[in-house]
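Per-entry structural report
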Amino acid sequence: MDDNLPLLPSTGEPLSRVDGRLKVTGQARYAAEHVVPGCVHGVLVCSAIARGRIRHLEVGAAEKAPGVLAIISHRNAPKVPGYQSAETNHNPRVEGQEFRVFFDDQVHFSNQPVALAVAETLEQAQHAASLIRVEYEAAAHQTSLAKNLAANLAPRKEAEYRRGQPDAYKTAPVRVEQEYRTPMHVHNPMEMHAAIALWEGEKLTVYNKTQGPKLAQQDLMRMWQLPADDVRVHSPFVGGAFGGSSRIWPPEMAAIIAAKKVGRPVKVMGRRDQEFNMVGYRPQSIQKISLGATPDGTLVGITHQAYGMTSQHEQFEERIVHPTKSAYAVPNLNTRYRLVPLDVSTPCWTRGPGETSGSFALECAMDELAEALSMDPLALRLKNYADRDPENDKPWSSKHLRECYARGAALFGWSQRTPAPRSMHTPDGHLLGRGMSTGIYKAERSAATARARLLPDGTLLVQSATADTGPGTATIMTQIAADASGVPPANIRFELGDSALPEAPLQAGSHTATSVGSAVHEVCAALKQQLLDLALHLPGKALGKLEKPDLTAENGFVHSSRKGGCRLSYGEVLKQHQLPALEVTQKAEESPEMKKYSGKSFCASFVEVEVHPLTRAVRVSRVVSVVDAGRVLNAKTARSQVLGSVVWGIGMALMEDARLDHRYGRIVNHDLAEYHVPVNADIPQIEVEFINQPDPVLDPMGAKGLGEIGLVGFAAAVANAVYHATGRRVRELPITPDKLV
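A brief report on the enclosed structure follows. (Residues numbered from 1 in each chain as written. Predicted model: local features only at pLDDT ≥ 70, side-chain atom pairs only at ≥ 80, totals over all residues. Heavy atoms only, no water.)

As a further point, take the overall build of the protein. Of regular secondary structure, the protein possesses 14 helices and 32 strands. Scaling as 2.2 N^0.38, a compact globule of 741 residues should have a C-alpha radius of gyration of about 27 Å, and the protein matches this with 28 Å. Over its C-alpha atoms, taken along the principal directions, the protein stretches across nearly 85 × 75 × 50 Å. Per-residue burial over the protein gives 62% buried out of 741 residues. Contacts in the protein between residues at least 24 apart in sequence constitute 81% of all its contacts with a sequence separation of at least 6. Put simply, the protein shows about 27,500 Å² of open surface, and 50% of that area lies on carbon and sulfur atoms. Between the centroid of the 81 positive side chains of the protein and the centroid of its 80 negative side chains there is a distance of 1 Å. (Helix = DSSP H or I, 4+ residues; strand = E, 2+ residues; numbered from the N terminus. Rg over C-alpha atoms; globule rule 2.2 N^0.38 Å. Buried < 20%, exposed > 50% of the residue type's maximum accessible area, 1.4 Å probe, protein only. Contact = heavy atoms within 4.5 Å. Areas by Shrake-Rupley, 256 points an atom, 1.4 Å probe, with all protein chains shown as cover. Lys, Arg positive; Asp, Glu negative; His and termini not counted. Charge placed at Lys NZ, Arg CZ, Asp CG, Glu CD.)

So, on to empty space enclosed by the protein. On inspection of all chains with the given rule, the structure shows 4 cavities of 30 Å³ or more. One number sums up the size of the largest cavity: a volume of about 130 Å³. Tallied by class, residues from the lining of the largest cavity come to 10 nonpolar, 3 polar and 3 charged. (1 Å grid on protein atoms, 1.4 Å probe; cavity = no way out; pocket = protein on both sides within 12 Å on 5 of 7 lines; lining within 4 Å. Points joined across faces, edges and corners; volume = space filled by probe spheres on them. Nonpolar A, V, L, I, M, F, W, Y, C, P; charged D, E, K, R; others polar.)

A cis amide bond links Leu733 with the next residue in sequence, Pro734, at an omega value of -5°. Within the secondary structure layout, Pro734 lies in the segment after α14 (714-726). Positive phi is not limited to glycine here, since Asn188 has a value of about 45°. With respect to the helices and strands, Asn188 occurs in the loop between β9 (174-182) and β10 (194-200). Notably, Asp393 is not glycine yet its phi reads approximately 60°, a positive angle. Structurally, the position occupied by Asp393 is in the loop between β18 (388-389) and β19 (394-395). The class of Asp393 is exposed, set by a relative accessible area of 51%.

Examined against the element boundaries, Glu314 turns out to sit in strand β16 (residues 314-315). Residue classification places Glu314 among the buried residues on the basis of a relative accessible area of 4%. When sequence neighbours within four positions are dropped, the list of residues in contact with Glu314 reads Val94, Glu95, Gln97, Glu98, Phe99, Arg247 and Thr346.

Moving on: the sheet that holds strand β27 (residues 582-588). Strand order in the open sheet formed by 4 strands is β23-β22-β21-β27, and the pairing between neighbours is mixed. The sheet terminates laterally at β23 (492-495) and β27, the two strands that pair on one side only. Each adjacent strand pair in this sheet contributes to an overall mean axis angle of 15°, direction not counted. With 4 bridges joining them, strand β21 (residues 448-454) and strand β22 (residues 460-463) adopt antiparallel strand pairing. Residue pairing in the sheet places Leu454 in a bridge with Leu460 of β22. Here helix α10 (residues 473-485) sits on the sheet in contact with β22 and β23, set at roughly 130° to β23. Against the sheet, helix α11 (residues 512-536) touches β21, β22, β23 and β27, its axis set at about 140° to β27. (Pairing = 2+ DSSP bridges. Axes fitted to C-alpha atoms, helices over the stretch in contact; angles between N-to-C directions.)

One open sheet holds the 4 strands; their spatial order is β20-β28-β29-β32, and the pairing between them is mixed. Two strands in the sheet have a free side with no partner beyond their single neighbour: β20 (431-442) and β32 (685-690). On average, each strand axis in the sheet is inclined to that of its neighbour by 15°, with strand direction left out of account. Examined bridge by bridge, strand β28 (residues 600-611) and strand β29 (residues 618-628) share 10 bridges and lie antiparallel to one another. Looking at β29, one finds that Glu608 is bridged to Arg622.

Attention shifts here to the pairing of β32. Alternating residues of β32 divide into Ile686, Val688 and Phe690, all buried, and Gln685, Glu687 and Glu689, none buried. Here β29 runs beside β32; their pairing, made up of 6 bridges, is parallel. Bridge pairing links Val627 to Phe690 in β32.

It is worth spelling out the pattern of salt bridges at this point. In this structure the tally under the stated criterion is 38 salt bridges. Notably, a salt bridge pairs Glu158 with Lys325, separated by 1.8 Å at the nearest N-O pair. Here Glu158 is found in the loop between β7 (133-138) and β8 (160-163), whereas its partner Lys325 is found in helix α6 (residues 322-326), with 167 residues between them in sequence. Of the charged contacts in the structure, one is a salt bridge between Lys383 and Asp296, with a shortest N-O distance of 3.5 Å. With Lys383 in helix α8 (residues 377-383) and Asp296 in the loop between β14 (285-293) and β15 (299-311), this residue pair connects regions lying 87 residues apart in the sequence. The exposure class of Lys383 is partly exposed, given its relative accessible area of 41%. Residue classification places Asp296 among the partly exposed residues on the basis of a relative accessible area of 41%. If you follow the salt bridges from partner to partner, you end up with Glu98, Asp219, Arg222, Arg247 and Glu314 in one network. (Salt bridge = Lys/Arg side-chain N within 4 Å of Asp/Glu carboxyl O.)

Moving on: helix α9 (residues 401-412). Taking 1.5 Å of rise per residue, the 12 residues of α9 would be expected to cover 16 Å, and the 16 Å separating its terminal C-alpha atoms lies within 8% of that figure. For α9, the set of buried residues is Leu401, Cys404, Tyr405, Gly408, Ala409 and Phe412. Taken down its axis, α9 places every buried residue within 120° of arc, on the same side. α9 presents Ala406 and Ala410 as exposed residues on the side facing more than 90 degrees away from its buried surface. Residues of α9 that are buried in the fold lie against α8, β20, β28 and β29. A positive backbone phi angle near 80° is found at Gly413, which sits one or two residues after α9. (Expected span 1.5 Å × (residues − 1). Arc of directions from axis to C-beta.)

If you walk through the whole model with that rule in mind, you get 11 aromatic pairs. Ring centres of Trp396 and Phe602 lie 5.4 Å apart, and the angle between their planes is 90°; on these two criteria the pair is classed as edge-to-face. One end of the pair, Trp396, is in the loop between β19 and α9; the other, Phe602, is in strand β28, with 206 residues separating them in the sequence. One exposure class covers both Trp396 and Phe602, and it is buried. Seen from their ring centres, Phe412 and Trp414 are 6.3 Å apart, and the 40° between their planes marks the pair as tilted. Taking the relative accessible area as the measure of exposure, Phe412 reaches 2% and is therefore buried. By way of ring pairs, the aromatic residues Phe412, Trp414 and Phe606 are connected into one cluster. Looking at Arg247, its charged tip hangs above the ring of Trp249, at a distance of 5.0 Å from the centre. For the cation-ring pair, Lys260 lies above Trp199, with the distance from its terminal atom to the ring centre recorded as 3.9 Å. (Phe/Tyr/Trp six-rings, centres within 6.5 Å; stacked < 30°, edge-to-face > 60°. Lys NZ or Arg CZ within 6 Å of the ring centre and 35° of its normal.)

By size, the foremost hydrophobic cluster in this structure holds 82 residues, and its most contacted members are Leu369, Val607, Val609, Leu654 and Val718. Once residues lying within four places of it in the same chain are set aside, the contact partners of Val607 are Phe412, Gly433, Arg434, Gly435, Val620, Arg622, Val623, Phe714, Ala717, Val718 and Ala721. Counting 43 residues, the second-largest nonpolar core is a separate cluster that includes Ala474, Leu531, Leu538 and Val558. (Core = buried A, V, L, I, M, F, W, Y, C linked by side-chain atoms within 4.5 Å.)

Attention now moves to the state of the cysteines. Following the criterion strictly, the structure yields 0 disulfides and no others. Take Cys39: it sits in no disulfide, and the sulfur closest to it among the cysteines is that of Cys46, at 19 Å. (Disulfide = S-S within 2.5 Å.)

You can see Asn334 is positioned in strand β17 (residues 332-342). Relative accessible area serves as the criterion here: at 13%, Asn334 is assigned to the buried category. A C-alpha to C-alpha distance of 16 Å links Asn334 and Gln178, two positions 156 residues apart in sequence. With residues up to four places along the chain from it excluded, the contact list for Asn334 reads Tyr161, Arg162, Gln165, Pro166, Asp167, Ile302, Thr303 and His304. Side-chain polar atoms of Asn334 contact the backbone nitrogen of Asp167, separated by 2.9 Å. (Polar contact = N/O pair within 3.5 Å; in protein donor to acceptor, adjacent residues only side chain to side chain.)

Right, dumping it as structure tokens:
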């Protein structure tokens, strides 16, 4: 090692992504890009009806097409052992019977895979798929949430919550009672769902797109009834997921079934239109929320009732009423959450799952209450600030939301806002509106394991079976490892995305940094201590006669603090002991201390909009987002996470809406030409600030979750700003010009 290496950059510094060069040079391999000898291609054929059965499949012409190896359907697919009974098919992330690919002739939703054409080349498989003819026996279907509310059912987990007197808002002198709606939102990642499956005897290898290699492995073990040693999942790079790669989806299972059938590796990659109603989405919601307060703004009671859509064959539930439970100090609160089964595919976690939809209703209602009280919206939130978690009366592990409010208001110039709607204008005559909102999202930690291996050349390999869906996991873990081990980041390699690595939870719910980061911190600290022990007992006393307090380890060197003491590189310590490597594996459990506390991340969003006076076109012109997410682990990647949340929030507020044609149960805007997402021209100046105060309880780094919090509540801030600009309250997203005319 070079004695002149710079000092270690501490955790929190804006270290550039360690895998950035691989990505920009095309060396990073995503699910469909792995080179597997002998790999052939599969192309899906999907149902044209929402409910019914397959009466007949005509595959003769397709089977005779050039290069075709098989046409696979329910008639000839290899049996999947885990599909045979609901009991063996239980999925811990959803309740009930998951969709079973090529299992029988039943059609459960539009766009359901009904056949797979497998051929030597992609073009041959596409041609063969086009020759398959399907005759259906259609049955009556239901895909409208609004028309089927009466057919609701209680989720298996928490359906109702109550503290104090139910419906106490009715006793308050000032009340707001409104209904809010959010549409289906589709993840639409850059990388579509794909898999390459390979069977070697009874051993299964899958290259796929997953947020949890270990969880994907467990799902496949359950489905195929195989031991862990016989299932391996590779997912080193993920091109965007946001919750959409949190389970095994039909394209992956189709590839695995096909590989079993043809005895060759099979690649299946979905088309863009197959990202709609096949591989998860944010479910549509209808929410009824009522708030009551005294004239000075003190909340008396809140009632929040929410309906969410799910599929007929599974129950998917989310945390839609959770922001309401904890955001404000209100003594009387009751929530009720119901699922409405429809003939659609199963929804899945989508960035800020539940909280993002629920906070739209809550934060808009708070704005409407402020209007009814003739009170400043920020003052109303401060009036009802919760110093403890109202849901469970526990103290917060940390909370700096007041600072978020104060800093955001100052940066934004909130005091310059005139309260009356339509009272502010831009110099060119556009209506100007300013709104704000609160975000609250769980901050938690799961058990995780990491392995650290120090080599004689001074390099450190750290491994854990986590994933990186875009936030910069490898970079952050490299920084945590550097701080804990004393090895410079340039000499650290972090390996992830392989189920053969030490156990790690799903990358979701904003808990990867706290969970896997804790394991990386602990294993690297343990390795450093072992290294110091080795240095104390060097052959020939290379550092002199020493005691443990005399030694420090940093920047890749063991130092003696005694007068005239010398230093040795980490690698030299290993060489002196003739060790090929120093390896430690450590499991970091959940923090037992956290049982006494409530963990949350917080955010204050301030938004300015400009609305054209004639066309009513809305443009977000300025955003200030101030976040309390504990200690920031990397200033650059953390800011990027919040920027991404804001961009998504603009799309959610103004554009995104997966439209179902209920006549056919089919999403009609199933591409990026008609399912609108923001582009660079839609994005204004965004100021992001972090309170950057460590959480003293949750984990040894002081971090809290960051991936979701910037999105929670943001759409409401836009809606509140639009109301301030126009005087028209839009309670159904997205806010499009026709709703403002």
